[in-house]
Amino acid sequence: MTSRQTQIWHNPQCTKSRNATAFLDEAGIEYSVRRYLDEPPTAAELRDVLRRLGAEPWDITRIGERIAKDLGMASWGRTAADRDRWIEALAEHPKLIQRPIVLTADDGAVVARDDAALEAISRP
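Note that the structure is a prediction, hence the values are computed from the model and not measured.

A.B. asks: Tell me what's going on with the overall build of the protein chain, and back it up with residues and numbers.
C.D. replies: Of the regular secondary structure elements, the protein chain holds five helices and four strands. For 124 residues, the compact-globule formula gives about 14 Å, and the C-alpha radius of gyration of the protein chain, at 14 Å, lands near that figure. If one aligns the C-alpha atoms of the protein chain with their principal axes, the spans along those axes are about 40 × 25 × 25 Å. Taking contacts inside the protein chain between residues at least 6 apart in sequence as the whole, the part at least 24 apart equals 64%. Split by element, the accessible area of the protein chain, about 6,700 Å² in all, is 46% carbon and sulfur. Positive and negative charge centroids in the protein chain, built from 18 and 20 side chains respectively, lie 5 Å apart.

A.B. asks: So what's going on with helix 2 (residues 43-53)? Which residues, and what values?
C.D. replies: Of the residues making up helix 2, those classed as buried are Ala43, Leu46, Val49, Leu50 and Arg52. Close packing links the buried residues of helix 2 with strand 1 (6-9), helix 4 (83-92), strand 3 (101-103) and strand 4 (109-111). Gly54 sits one or two positions beyond helix 2 and adopts a positive phi of about 70 degrees.

A.B. asks: Quick rundown of the sheet that holds strand 4? Include the residues and the values.
C.D. replies: Taken in spatial order, the four strands of this open sheet run 2-1-3-4, and their pairing is mixed. Sheet topology places strand 2 (31-34) and strand 4 at the edges, where each strand pairs with a single neighbour. On average, each strand axis in the sheet is tilted by 20 degrees relative to the strand beside it, whichever way the strands run.

A.B. asks: Can you break down the nonpolar core residue by residue, with the values?
C.D. replies: Counting 22 residues, the largest nonpolar core has Trp9, Leu46, Met73, Ile97 and Ile101 as the members making the most contacts within it. Here the element with the most residues in this core is helix 4; it accounts for five residues. Apart from the residues lying within four places of it in its own chain, the contact partners of Leu46 are Trp9, Pro41, Ile87, Leu90, Ala91 and Ile97. Core analysis: the next-biggest nonpolar cluster, separate from the first, contains eleven residues, Ile8, Ala112, Leu118 and Ile121 among them.

Criteria and thresholds
- Residues numbered from 1 in each chain as written.
- Predicted model: local features only at pLDDT ≥ 70, side-chain atom pairs only at ≥ 80, totals over all residues.
- Heavy atoms only, no water.
- Helix = DSSP H or I, 4+ residues; strand = E, 2+ residues; numbered from the N terminus.
- Rg over C-alpha atoms; globule rule 2.2 N^0.38 Å.
- Contact = heavy atoms within 4.5 Å.
- Areas by Shrake-Rupley, 256 points an atom, 1.4 Å probe, with all protein chains shown as cover.
- Lys, Arg positive; Asp, Glu negative; His and termini not counted.
- Charge placed at Lys NZ, Arg CZ, Asp CG, Glu CD.
- Buried < 20%, exposed > 50% of the residue type's maximum accessible area, 1.4 Å probe, protein only.
- Pairing = 2+ DSSP bridges.
- Axes fitted to C-alpha atoms, helices over the stretch in contact; angles between N-to-C directions.
- Core = buried A, V, L, I, M, F, W, Y, C linked by side-chain atoms within 4.5 Å.

Structural data, given as structure tokens:
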């Protein structure tokens, strides 16, 4: 993200992602859209997003995706030593990233999959 504007990592095929953009529109929050499947995040961007989320890469990984199963990710370690392996997999296969992720102008972020997460976006 190059500015302090809210940004959504969006997949227009995803209902939860479309719901999040509708929420942002209704709340009057200005935002930019990043179609992260078309413009995958780098490992450095993922590290920043994880910092902002206060999360680990396995927390935002869609383990049920076929590629995750093919990679055997369910059996991967979940320690600090394993972190880079997960991040590299997410960078290489952005479909594995939980969606939508909203990066807020105040340097925060949420995985906006439910109403509570969406409501957190609009609170100061």
